[in-house]
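Structure assessment
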Amino acid sequence: MNKLVLLLILFGCATPDERPVPENGEALLSEFDVAQEEKDRFSIAEIQPTPAPSLEPRAKVATSVKKPTPKISKSKPAKPKPVVGRTWPEDYPEIYKEFEIPAQKTWNEFKPLIRVGESISFDISYLGIKAGTINFKVLENGMRGSDLVHHFKATLSSADYYKYIYKLDDYVESFVMAESFLPLKYTLIQRESGQSVDELQLFDHDKLQNKQWFKKIKDGKTRKDDKTGFTPPLFLDPLSLLAFFRGLPLDDGDEYFVPIIVRSKVLKVTATVLGRETVSVMGKDRQAVKMSVYVDPTEDGKKPTTMNLWYSDAPSRELLRFNAELKFGSVEGEWVQ
C-alpha cells in the first residue's frame, strides 16, 4: 500500500533520488505506453476557474451582503443503478459480484459535497514526531467529453528537519465522474529517498476493467509492472474515498461498505460511525463525527488495517484528524492552517 493510501505514509532511511518529477498526472499518459485511443478517452479538459468556497457551503448568505459566490458542485446525488440481468466478463471474480449490493446501499446514501478551491493541510506525526505535511485540494472541475469530472489532489512532503532522515515529495490525483462518483483516472508520483515511482490507472466501467502502468526506480534498478485487471461494479480509489465519506449522512451507528482499488488490488472498506465527540484542532474545540475504518485485503495472507477518522460535524464536513497503527508504528494527522 503506497504512501498516500489510507494514512499515506511509511518512513525509512536511504539516499536521495533526484529523478525529475512529471509536470502533472496528465503527463503520465504520454510517459507510459498508452494507446492514442485511450489517451483521447481519458484526457480531461479543465473548466474555467471559479471562486474559492466559503467555510460553510450549505449555509444561506444574507442577500444584503455581497460576497463572492462559492463554487459548489450542483451535480445530482450519485445513484449508479445495478444492472438487471448483467452479463459478467469471462473469468470475472465471484467475490466482486458479491460487492455490488452492499456497495449500492452505500452509494444510495451518498450526496456529493464538492467545494472547488478547498485546500486543507495536515501535520503528520510518525511515532510521535512531526515528519511531514499532507495537503488535500479540490481542483477545478473538468470535462471528459460531455461528462463532468471532479478533480482531487493530495501532496505529501517531509518536514524540513526530517528530510535529513527521509525525503518525501509525493502526490496523487484522482479524477471522478460527477454523475456516478466512480473514478475515471488515478495517478501517483513519488520522489523519495532511495526510490521514485510513477503510476497510472485508468478505469473502464463498461468492461469492469482497470489498466495500470507502473514504474519504480530503486538502487539504480528499474521495475515495470503493467497489467490489466477486473474491478468491482462500484468502487473508489483511496483519495476519492476521503471525499466520498463527506457526502454520507454519518449518523451514529451507520455502517458503510466501499471497495477500493490500490495498485490493481481490491480492498474491502467497512466504515462505522462511532458517534460524536469534541476534539481540539488548531487551538479550538470542535464537534466531530468519529469513524472507524476497517480495510480488509481480498488477497490471501494479507492483514487488515484499522484507522480512525474525525470529520467536522458542521455542514462543511472537513476532515479534522486521523490516526492508524501501521506495520512500522503509529501515524497521526491533524488539520493545520
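Residues numbered from 1 in each chain as written. Predicted model: local features only at pLDDT ≥ 70, side-chain atom pairs only at ≥ 80, totals over all residues. Heavy atoms only, no water.

1. Description of the overall build of the protein
On a plain count of helices and strands, the protein comes out with four helices and 16 strands. Looking at the protein as a whole, 50% of its 337 residues qualify as buried. The contacts in the protein between residues at least 6 apart in sequence include a share of 57% that link residues at least 24 apart. As presented, the protein carries roughly 16,500 Å² of accessible surface, and 50% of it is formed by carbon and sulfur atoms. (Helix = DSSP H or I, 4+ residues; strand = E, 2+ residues; numbered from the N terminus. Buried < 20%, exposed > 50% of the residue type's maximum accessible area, 1.4 Å probe, protein only. Contact = heavy atoms within 4.5 Å. Areas by Shrake-Rupley, 256 points an atom, 1.4 Å probe, with all protein chains shown as cover.)

2. Observations concerning helix 3 (residues 94-108)
At Glu100, helix 3 shows its largest kink, close to 30 degrees, and the proline Pro102 lies no more than four residues downstream. Buried within helix 3 we find Tyr96, Phe99, Glu100, Ala103, Gln104, Thr106 and Trp107. (Bend = angle between axes of the 7 residues up to and from the residue.)

3. Considerations on the pairing of strand 8 (residues 209-218)
With ten bridges joining them, strand 7 (residues 195-204) and strand 8 adopt antiparallel strand pairing. Note on strand 8: the bridge partner recorded for Phe203 is Asn210. Turn length for the strand 7-strand 8 hairpin, with the two strands adjacent in sequence and antiparallel, is four residues, and the turn residue Leu208 shows positive phi of about 50 degrees. Here strand 8 pairs with strand 10 (residues 227-230) via four bridges, running antiparallel. Within strand 10, the residue paired with Gln212 across the bridge is Lys227. The pairing of strand 8 with strand 9 (residues 221-224) spans four bridges and is classified as antiparallel. Residue pairing in the sheet places Lys218 in a bridge with Lys221 of strand 9. Counting the residues in the hairpin turn of strand 8 and strand 9 gives two residues, including Asp219, whose phi is positive at 55 degrees. (Pairing = 2+ DSSP bridges.)

4. Describing unusual backbone geometry
At Leu208, a residue that is not glycine, the phi angle is positive and equals roughly 50 degrees. Locating Leu208 in the fold gives a position in the loop between strand 7 and strand 8. Classification of Leu208 as buried rests on a relative accessible area of 4%. With phi around 55 degrees, Leu250 is a residue other than glycine that occupies positive phi space. Tracing the sequence through the fold places Leu250 in the loop between helix 4 (238-246) and strand 11 (255-262). The class of Leu250 is buried, set by a relative accessible area of 0%.

5. Some details on the confidence of the model for the protein
Chain-level pLDDT for the protein is 81 on average; 77% of the residues reach the 70-or-more range. Scored below 50 in pLDDT, residues 1-17 makes 68 contacts in the model with residues more than four places away or belonging to other chains. Low confidence marks residues 50-75, where pLDDT is under 50. Its contacts with residues over four positions away, or in another chain, come to 42 contacts. (pLDDT = per-residue confidence, 0-100.)

6. Details of the packing of aromatic side chains
Taken as a whole, this structure holds 14 aromatic pairs when the rule is applied. Taken together, a centroid distance of 5.3 Å and an interplanar angle of 75 degrees make the contact between Tyr92 and Phe230 edge-to-face. Of this pair, Tyr92 sits in the loop between strand 1 (45-46) and helix 3 while Phe230 sits in strand 10, and the two are 138 residues apart along the sequence. Here the aromatic rings of Phe110 and Phe181 are separated by 4.8 Å at their centres, their planes lie at 55 degrees, and the arrangement is tilted. Placement of the pair is Phe110 in the loop between helix 3 and strand 2 (119-126) and Phe181 in the loop between strand 5 (168-177) and strand 6 (182-192), with a sequence separation of 71 residues. Among the aromatic residues, ring-to-ring pairing joins Trp88, Tyr92, Tyr96, Phe99, Phe230 and Phe257 into one connected group. Looking at Lys153, its charged tip hangs above the ring of Tyr171, at a distance of 4.4 Å from the centre. Positioned above the aromatic ring of Phe175, the side-chain terminus of Lys185 is 4.8 Å from the ring centre. (Phe/Tyr/Trp six-rings, centres within 6.5 Å; stacked < 30°, edge-to-face > 60°. Lys NZ or Arg CZ within 6 Å of the ring centre and 35° of its normal.)

7. Re the side chain of Asp204
With respect to the helices, strands and loops of the structure, Asp204 is situated in strand 7. Polar contacts involving the side chain of Asp204 include one to the main-chain amide nitrogen of Lys207, which spans 3.1 Å. What Asp204 contacts, discounting residues up to four positions off in sequence, is Arg41 and Gln209. (Polar contact = N/O pair within 3.5 Å; in protein donor to acceptor, adjacent residues only side chain to side chain.)

8. Focus on a positive patch on the surface
On the surface, a cluster of positive charge is contributed by Arg223, Lys265, Lys302, Lys303 and Lys327. Counting through the fold element by element, Lys302 comes out in the loop between strand 13 (284-297) and strand 14 (305-312). The class for Lys302 is partly exposed, based on a relative accessible area of 48%. (Patch = residues over 30% accessible without salt bridge, like charges linked within 9 Å, V, L, I, M, F, W, Y side chains within 5 Å. Salt bridge = Lys/Arg side-chain N within 4 Å of Asp/Glu carboxyl O. Lys, Arg positive; Asp, Glu negative; His and termini not counted. Charge placed at Lys NZ, Arg CZ, Asp CG, Glu CD.)

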